[in-house]
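# Understanding the architecture of this molecule
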Amino acid sequence: ARRCASPAGDKMAGADGDDSLYPIAVLIDELRNEDVQPPLESLATVEETVVRDKAVESLRKISHEHSPVDLEVHFEPLVKRLASGDWFTSRTSACGLFSVCYPRVSSTVKAEIRQHFRNLCSDDTPMVRRAAASKLGEFAKVLELEYVKSDIISLFTALASDEQDSVRLLAVEACVSIATLLPQEDLETLVMPTLRQAAEDKSWRVRYMVADKFSELQKAVGPEITKNDLVPAFQNLLKDCEAEVRAAAANKVKEFCENLPEDSRETIIMTHILPCVKELVSDTNQHVKSALASVIMGLSTILGKDNTIEHLLPLFLAQLKDECPEVRLNIISNLDCVNEVIGIRQLSQSLLPAIVELAEDAKWRVRLAIIEYMPLLAGQLGVEFFDEKLNSLCMAWLVDHVYAIREAATCNLTKLVEKFGAEWAQNTIVPKVLGMANDPNYLHRMTTLFCINALSEACGQEITTKHMLPVVLKMSNDQVANVRFNVAKSLQKIGPVLDSNCLQAEVKPVLEKLAADQDIDVKYFAQEAVSAVNTDSELAWLASSPALPAQPSACMWMSGLITAQN
């Protein structure tokens, strides 16, 4: 009340009834107040969670600047005051401060800190117990091993059995840290009973947390406990009645299998995990199927060629035909994992028909995923196989009704030319691209220009000058203004590939004609291109002139010339 009655508080909190300024007024009063109570301590007790969290974050940073003596004199009493505060807000903030001061205080003070933390773990307010559970693992890491066994384990067991599921799920998160601190021989008796209980918890949120942390738990408890306890638990999570839990577990399938003991890995996967995976492929929930599809391809590298062909390929094929586009997308995006194991021939025979079908899928994102995978697929199939099976698909994408597909298909052609060479492009791709210049649809005619822009550098000067340039020049007479101004842009784009004689004799006259076009956009882009062509010609002349000054001066000269041209 004293603070709120200050002039600053009245002025700021009362102005236009704006309550949002009230916290600022309180802070100003705190800073003016002669009371030496730290402002961060006050901010750590306010109702707004964001403010409290920031105050705790700042206090944690400040603690590292204290010497051990100052820590006991100034900081540790602050933590005690927060931990024993009347409002739950101060007690929740205290939970985040124990771990930063515990390592650097005396044994007596350490005992007091442990007692305060025990009190907060059994606090009457669920929010405080949640805060304590969220910091349990962090606090355990700074404790001596004897106190981890005597104090932390009992707190962990109690929090994992809390009546609030929001507390229990946070205890699961702490389990990972605790398990890494204990010797292997203590895990079975001190941790596993609680973990087994959490894996079968009545609340799906707790089971979800177990599934989400499963790989970390697996690494923490080691191979023997994994074989005896975690494998059955993982099977149950994959079969859980809640889709969210199944999805979280499905997302961990590859990681879990990778971390299994090498001597029994294949047996465990084939006997216990794969049957569950087969069920998830046809799960009723699309999120479960999508999560599985994002990782299932990785099993091929673990199980090897024979098992992949016999057991996994049928699952991949089923997922490629799934009605959910996300499932299909995830399978397509990870095909390279399988290719490394079984080879491109086996892959193409098994999955190519489905891939061809997806290339014409109604969902454009699925078609886009296929395009992005095509260069890799083409490089491994080889030119003959590609021309026979996939070339027609690549050309069909150039006239797709979705611009993003046409754009991606153009980039795809460039990558293919880089793989197969300019001669292949001249015989296979360029004639088909140039044929589109006569298409009745102006969008397709524009695609011809976009392809020429992309291919000119990869194909080189000869093919560009002899085959592509005449088509571009002819298209300058197109009746659609959009095509004409794209002609100007194309001539500017391919200009660096052409020689200076060609630029002056063939390109420049066409650009000057377009610069006088009635359409304002055509004029603009043509004038831009004329400037670029002039610059290119002058730079070419400078580069070939025998009377050039020394190299540094020549560079400055050309730089100045370009600036003047612009």
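Rules and cut-offs
Residues numbered from 1 in each chain as written. Predicted model: local features only at pLDDT ≥ 70, side-chain atom pairs only at ≥ 80, totals over all residues. Heavy atoms only, no water. UniProt positions renumbered as here; feature names shortened; annotations may be inferred. Helix = DSSP H or I, 4+ residues; strand = E, 2+ residues; numbered from the N terminus. Buried < 20%, exposed > 50% of the residue type's maximum accessible area, 1.4 Å probe, protein only. Contact = heavy atoms within 4.5 Å. Salt bridge = Lys/Arg side-chain N within 4 Å of Asp/Glu carboxyl O. Axes fitted to C-alpha atoms, helices over the stretch in contact; angles between N-to-C directions. Parallel < 35°, antiparallel > 145°, perpendicular 65-115°, else oblique. Left-handed = near helix turned anticlockwise from the far one by under 90°. 1 Å grid on protein atoms, 1.4 Å probe; cavity = no way out; pocket = protein on both sides within 12 Å on 5 of 7 lines; lining within 4 Å. Points joined across faces, edges and corners; volume = space filled by probe spheres on them. Expected span 1.5 Å × (residues − 1). Bend = angle between axes of the 7 residues up to and from the residue. Core = buried A, V, L, I, M, F, W, Y, C linked by side-chain atoms within 4.5 Å. pLDDT = per-residue confidence, 0-100. Phe/Tyr/Trp six-rings, centres within 6.5 Å; stacked < 30°, edge-to-face > 60°. Polar contact = N/O pair within 3.5 Å; in protein donor to acceptor, adjacent residues only side chain to side chain. Nonpolar A, V, L, I, M, F, W, Y, C, P; charged D, E, K, R; others polar.

Per an unreviewed UniProt entry, the chain goes by Serine/threonine-protein phosphatase 2A 65 kDa regulatory subunit A beta isoform and derives from Astyanax mexicanus. Reading the Sequence similarities (unreviewed entry) entry of the UniProt record for the chain gives the comment "Belongs to the phosphatase 2A regulatory subunit A family."

## With respect to the overall build of the chain
Counting secondary structure elements, the chain contains 36 helices and zero strands. Classification of the 566 residues of the chain by burial places 50% in the buried group. Pairs at least 24 apart in sequence give 66% of the contacts found in the chain among residues at least 6 apart.

## Considering the pattern of salt bridges
Applying the stated rule across the entire model yields 29 salt bridges. A salt bridge links Glu 57 to Lys 54, with the nearest nitrogen and oxygen atoms 3.6 Å apart. In this pair, Glu 57 and Lys 54 are both assigned in helix 4 (residues 49–63), three residues apart and thus about one turn of the helix distant. The exposure class of Glu 57 is partly exposed, given its relative accessible area of 34%. One salt bridge connects Arg 207 with Asp 240, and the closest N-O pair in it is separated by 2.6 Å. You can see Arg 207 sitting in helix 15 (residues 204–212) and its partner Asp 240 sitting in the loop between helix 17 (223–238) and helix 18 (243–250), a full 33 residues away along the chain. When its relative accessible area of 8% is taken as the criterion, Arg 207 is described as buried. Looking at Asp 240, the relative accessible area reads 8%, which means it is buried.

## Looking at the packing of helix 8 (residues 107–121) against helix 11 (residues 145–160)
Contact pair helix 8 / helix 11: the axes reach a minimum separation of 10 Å and the direction vectors enclose 15°. As the angle between them shows, helix 8 and helix 11 are arranged roughly parallel. Crossing handedness for the pair helix 8 and helix 11: left-handed. On helix 11, the residues touching Arg 114, Phe 117, Arg 118 and Cys 121 of helix 8 are Tyr 147, Asp 151, Leu 155 and Leu 159.

## Comments concerning the layout of surface pockets
Empty space among the atoms can be located by rolling a probe the size of a water molecule over them. Considering only enclosed or pocket space, the second largest pocket measures out at about 300 Å³ in volume. Along the walls of the second largest pocket sit 14 residues, with Asp 53, Thr 92, Ser 93, Ala 131 and Ser 134 positioned nearest its centre. Only helix 4, helix 6 (88–95) and helix 9 (126–134) provide two or more residues apiece to the lining of the second largest pocket. Residue contributions to the lining of the second largest pocket peak at five residues, all from helix 4.

## Some remarks on helix 22 (residues 299–320)
For helix 22, built from 22 residues, the straight-helix expectation of 32 Å at 1.5 Å per residue is missed by more than 12%, its first-to-last C-alpha distance being only 16 Å. At Lys 305, helix 22 shows its maximal kink, close to 105°.

## Quick word on the nonpolar core
As a rule of thumb, soluble globular proteins bury nonpolar side chains together. In terms of nonpolar packing, the biggest core is built from 188 residues, with Ile 178, Val 253, Ile 296, Trp 397 and Leu 491 touching the most fellow members. Here Leu 491 is in contact with Leu 469, Val 472, Leu 473, Val 507, Val 510 and Leu 511, once residues within four sequence places are set aside.

## Digging into the confidence of the model for the chain
The predicted model of the chain averages 85 in pLDDT, with 90% of residues at 70 or higher. Under a pLDDT of 50 for its full length, residues 1–16 has, in the predicted model, 27 contacts with residues more than four places off or in other chains. Throughout residues 541–566 the model reports pLDDT below 50, and contacts reaching past four residues in sequence, or to other chains, amount to 17 contacts.

## Quick word on the packing of aromatic side chains
In this structure the tally under the stated criterion is 13 aromatic pairs. Judged by centre distance (5.7 Å) and plane angle (80°), the ring pair of Tyr 102 and Phe 139 falls under edge-to-face. Separated by 37 residues along the polypeptide, Tyr 102 in the loop between helix 7 (98–101) and helix 8 and Phe 139 in helix 10 (residues 136–142) bring together distant segments of the chain. In this structure, Tyr 102 and Phe 139 share a single accessibility class: buried. Aromatic side chains Phe 214 and Phe 234 sit 5.1 Å apart centroid to centroid with 40° between the ring planes, which places their arrangement in the tilted category. With Phe 214 in helix 16 (residues 214–221) and Phe 234 in helix 17, this pair connects stretches of sequence that are 20 residues apart. The exposure class of Phe 214 is buried, given its relative accessible area of 2%.

## As for helix 34 (residues 500–515)
Remark: the principal bend of helix 34, roughly 40°, maps to Val 507, with a proline, Pro 509, within the next four residues. Buried within helix 34 we find Cys 502, Leu 503, Val 507, Lys 508, Val 510, Leu 511, Leu 514 and Ala 515. Put simply, Asp 499 is the residue that caps the front of helix 34, since its side-chain oxygen is 3.2 Å from the backbone nitrogen of Asn 501.

## Things to note about the environment of Ala 396
Tracing the sequence through the fold places Ala 396 in helix 28 (residues 391–397). Residue class for Ala 396 comes out partly exposed when judged on its relative accessible area of 42%. C-alpha separation for the pair Ala 396 and Ala 359, spaced 37 residues apart in sequence, amounts to 9.5 Å.

## Points about the side chain of Lys 289
Position of Lys 289 among the secondary structure elements: in helix 21 (residues 286–293). Excluding its chain neighbours within four sequence positions, the residues that come into contact with Lys 289 are Leu 280, Val 281, Ser 282, Asp 283, Gln 319, Asp 322, Glu 323 and Val 327.

## Structural notes on the packing of helix 17 against helix 18
Packing of helix 17 against helix 18 leaves a shortest axis separation of 7 Å and a crossing angle of 130°. In terms of orientation, helix 17 lies oblique with respect to helix 18. For the pair formed by helix 17 and helix 18, the contact residues are Phe 234, Leu 237 and Leu 238 on the first element and Val 245, Arg 246, Ala 249 and Ala 250 on the second. The residue makeup of the contact of helix 17 with helix 18, split by class, is six nonpolar, no polar and one charged.

## Notes on the environment of Pro 509
Note on placement: Pro 509 falls in helix 34. We classify Pro 509 as partly exposed; its relative accessible area is 39%. Counting along the chain gives 36 residues from Pro 509 to Leu 473, while the straight-line C-alpha distance between them is 10.0 Å.

## A few points about the environment of Ile 342
Within the fold, Ile 342 resides in helix 24 (residues 335–342). C-alpha of Ile 342 to C-alpha of Thr 301: the two residues are 41 residues apart in sequence and 9.4 Å apart in space.

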